[in-house]
Amino acid sequence: MAGKTLYDKLWDAHLVAQREDGSALIYIDRHIIHEVTSPQAFEGLRLAGRQPWRTGAAVATIDHNVPTTPFKSAADITDETSRIQVQTLQDNTREFGITEFGIGDVRQGIVHVMAPEQGAVVPGMTVVCGDSHTSTNGALACLAHGIGTSEVEHVLATQTLVAKKMKNMQVKVEGDLGPGVTAKDVVLHIIGVIGTAGGTGHAIEFAGSAIRSLSLEGRMTVCNMAIEAGARAGMVAVDDVTVDYVKGRPMAPSGEQWAQAEAYWRTLVSDDDARFDTVVEIDAADISPQVSWGTSPEMVVAVNASLPDPQAENDEVKRSGMLRAYEYMGLKPGIKVGDIPVDRVFIGSCTNSRIEDLRAAADVAKGRKKADSVKQVLVVPGSGLVKKQAEQEGLDKIFIEAGFEWREPGCSMCLAMNPDRLQPGEHCASTSNRNFEGRQGNGGRTHLVSPAMAAAAAVAGHFVDVRELG
Ligand SMILES: CC(C)[C@H](C(=O)O)[C@@H](O)C(=O)O
Ligand code: SF4
């Protein structure tokens, strides 16, 4: 019998029941909750007169709707829907006895930043949240993916999920990453190669020496965007980087349990003879800093390239998608990436708002100033703890001196559910993960980049190759 992949191991360890039609029941170790996809789930419990099966398995925070300017209570939130959602989560978590890192708590932040930071997610877990970017947590060798609101209710009530086993896919990035090439560039490049449907039906394990060379935060950036590559889950096997990251975190095992846990975690790697349904190999040397030019994350090119010609695309559906994207983005094939003007810059989101992201942006911003033509540069840390750490390192001062705005944690301009948004027609260099039409505000034009590339665009007023900065 062939060996097991990491995904097979995680699946088998959580399988409660397998049905003949292929569906299965799996046990869920950690349930992360935010204010947008939980209200109906709690309401469902209430109507059915049920209690959560295991309140300690859930941890909640507010992120999508929170303003990034200081506020003291839900009542301070002007937008009605946002105010209600923030208040409702607080009421629900109190009623059902679930831990919430809420308003004014330094641990509050974007769900996918908060959970690993607290040690709420450790290797070997099944992790769900009513949010597609739950895949981020797979960087810790977890089976982590998004679920819908009715499933949020099901998990709350039973601590299990009805699921179907996905196929195994391995994306192997071998070799050394060049200077200025970050985890974000790696994942954008992967999506450029395999497309936004490349991972459909699969759980992706990211492997290879270039992935191993990334910090745990960088691996989270890669797994975060597995969903943009069509997969529901992304993951990276356990190694020293994983174990070191978890050690000492508030909710992680300690004392005698630590040694036991670590011994188990070390088994969470794909066996040498494991078989993957799909394997993609990428040479790290082929990866340059990336910029997305269109309205899908696969519409991405190297910073020193020109925009692609739709006429050279043989697939008719893709060609018409490209033509529509050019129209929406107000761009023309053949122009250089460096000629795209940038109106606003957003440094944040669950893709790139951790401390190393802010350090990378600050490295570029240091001693430089925002270009006059750039209207706004928002720097939004992923959690209160990231914010605190950044301030201890003086990064906030660097940003403010460069003319950037230093904000409170939350999803912010990643999806514009709060007041941070683009105006129609504006181009934004954004460290987030989605560039669909209107994602960052009606008519807004998103270009996905790394934190260093975003800061460089803020300073230059257009895209520049970070490798060419002095
Ligand atoms: C609001 C939430 C359901 C959504 C998601 O699932 O991803 C959001 O986080 C996003 O990034 O679009
Ligand atoms: S930061 Fe963006 S992608 Fe991440 S959870 Fe929030 S809205 Fe979704």
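Per an unreviewed UniProt entry, the protein chain goes by the name 3-isopropylmalate dehydratase large subunit and belongs to Alloalcanivorax balearicus MACL04. Note on the protein chain: under the UniProt heading Subunit (unreviewed entry), the record states "Heterodimer of LeuC and LeuD." Recorded under Pathway (unreviewed entry), the UniProt text for the protein chain is reproduced unchanged: "Amino-acid biosynthesis; L-leucine biosynthesis; L-leucine from 3-methyl-2-oxobutanoate: step 2/4."

Peer 1: Outline the overall build of the protein chain, supporting the account with residue identities and numerical values.
Peer 2: Looking only at helices and strands, one finds 15 helices and 19 strands in the protein chain. In terms of overall dimensions, the protein chain has C-alpha extents of about 55 × 55 × 45 Å along its principal axes. Classification of the 470 residues of the protein chain by burial places 60% in the buried group. Residue pairs at least 24 apart in sequence account for 75% of intrachain contacts in the protein chain once pairs closer than 6 positions are excluded. Per element, the accessible surface of the protein chain, about 18,100 Å² overall, is 49% carbon and sulfur.

Peer 1: Give me the lowdown on the pairing of strand β2 (residues 23-27), citing residues and values where you can.
Peer 2: Among the five residues of β2, four are classified as buried, and the element is accordingly described as predominantly covered. Here strand β1 (residues 15-18) runs beside β2; their pairing, made up of three bridges, is antiparallel. Note that in β2 the partner of Q18 across the bridge is A24. Between β1 and β2, which pair antiparallel one after the other, the connecting turn spans four residues, and G22 there sits at a positive phi close to 95°. Bridging between β2 and strand β8 (residues 160-164) involves five bridges; their strand directions are antiparallel. Each bridged residue has a counterpart across the sheet, and for Y27 the counterpart in β8 is T160.

Peer 1: Which residues make up the pairing of strand β18 (residues 427-430), and what values do they have?
Peer 2: What you see with β18 is no split at all: H427 and A429 on one side and C428 and S430 on the other are buried throughout. With three bridges connecting them, strand β15 (residues 344-347) and β18 associate as parallel partners. Note that in β18 the partner of R344 across the bridge is C428. Sheet topology places β18 next to strand β19 (residues 445-448); four bridges connect them, and they run parallel. Note on β19: the bridge partner recorded for S430 is L448.

Peer 1: Tell me about the site of ligand 2, and name the residues and values.
Peer 2: The local shell around ligand 2 consists of H64, H112, D131, H133, S349, C350, C411, C414, L415, N433 and R439. Tallied by class, the residues present in the shell around ligand 2 amount to four nonpolar, five polar and two charged.

Peer 1: Residues and numbers for the sheet that holds strand β4 (residues 58-61), please.
Peer 2: As summarised here, the arrangement of the five strands in space is β5-β4-β3-β6-β7, forming an open sheet in which the pairing is parallel. The open sheet is flanked by β5 (99-101) and β7 (143-146), the only strands paired with a single partner. On average, each strand axis in the sheet is tilted by 20° relative to the strand beside it, whichever way the strands run.

Peer 1: Before we move on, could you go through the packing of aromatic side chains and cite the residues and values that matter?
Peer 2: Here the structure, examined in full by the defined rule, presents six aromatic pairs. Seen in terms of ring centroids, F42 and F96 are 5.4 Å apart; in terms of plane orientation they differ by 25°. Their pairing is stacked. Residue F42 is located in helix α2 (residues 39-48), and its partner F96 is located in helix α3 (residues 80-96); the two are separated by 54 residues in the primary sequence. The residues F42 and F96 share a single accessibility class, namely buried. For the pair W258 and W265, a centre-to-centre distance of 5.2 Å together with 90° between the ring planes defines the contact as edge-to-face. Assessed through its relative accessible area of 3%, W265 is described here as buried.

Peer 1: Outline the UniProt feature "binding site: [4Fe-4S] cluster" (unreviewed entry) in the protein chain, listing residues and values.
Peer 2: UniProt feature "binding site: [4Fe-4S] cluster" (unreviewed entry): in the numbering of this structure it lies at C350, C411 and C414. Of the residues just listed, which span 65 residues, no C-alpha pair is farther apart than 8.7 Å, and they cluster in one region. According to the relative accessible area criterion, C411 is buried, its value standing at 7%. With residues near it in sequence (within four places) discarded, C411 still touches D63, H64, I110 and F346.

Peer 1: Run through the environment of D420, naming residues and quoting values.
Peer 2: Checked against the element boundaries, D420 lands in the loop between β17 (405-406) and β18. D420 has contacts with T68, L378, R407, S412 and M413, leaving out every residue within four places of it along the chain. At a separation of 2.7 Å, a polar atom in the side chain of D420 contacts the side chain of S412.

Peer 1: Tell me about the sheet that holds strand β16 (residues 376-379), and please be specific about residues and values.
Peer 2: Read from one edge of the open sheet, five strands run β17-β16-β15-β18-β19, paired in parallel fashion. The open sheet has two edge strands, β17 and β19, and neither has a second partner. Inspection of the sheet shows β15 paired to β16 by four bridges, in the parallel sense. Among the inter-strand pairings, R344 is bridged to a residue of β16, identified as Q376. Here helix α15 (residues 451-460) sits on the sheet and contacts β15, β16 and β18; the angle it forms with β15, its principal contact strand, is near 155°.

Here is what the cut-offs are and how they apply
- Residues numbered from 1 in each chain as written.
- Chains lettered and ligands numbered in written order.
- Predicted model: local features only at pLDDT ≥ 70, side-chain atom pairs only at ≥ 80, totals over all residues.
- Heavy atoms only, no water.
- UniProt positions renumbered as here; feature names shortened; annotations may be inferred.
- Helix = DSSP H or I, 4+ residues; strand = E, 2+ residues; numbered from the N terminus.
- Buried < 20%, exposed > 50% of the residue type's maximum accessible area, 1.4 Å probe, protein only.
- Contact = heavy atoms within 4.5 Å.
- Areas by Shrake-Rupley, 256 points an atom, 1.4 Å probe, with all protein chains shown as cover.
- Pairing = 2+ DSSP bridges.
- Near = heavy atom within 4 Å.
- Nonpolar A, V, L, I, M, F, W, Y, C, P; charged D, E, K, R; others polar.
- Axes fitted to C-alpha atoms, helices over the stretch in contact; angles between N-to-C directions.
- Phe/Tyr/Trp six-rings, centres within 6.5 Å; stacked < 30°, edge-to-face > 60°.
- Polar contact = N/O pair within 3.5 Å; in protein donor to acceptor, adjacent residues only side chain to side chain.

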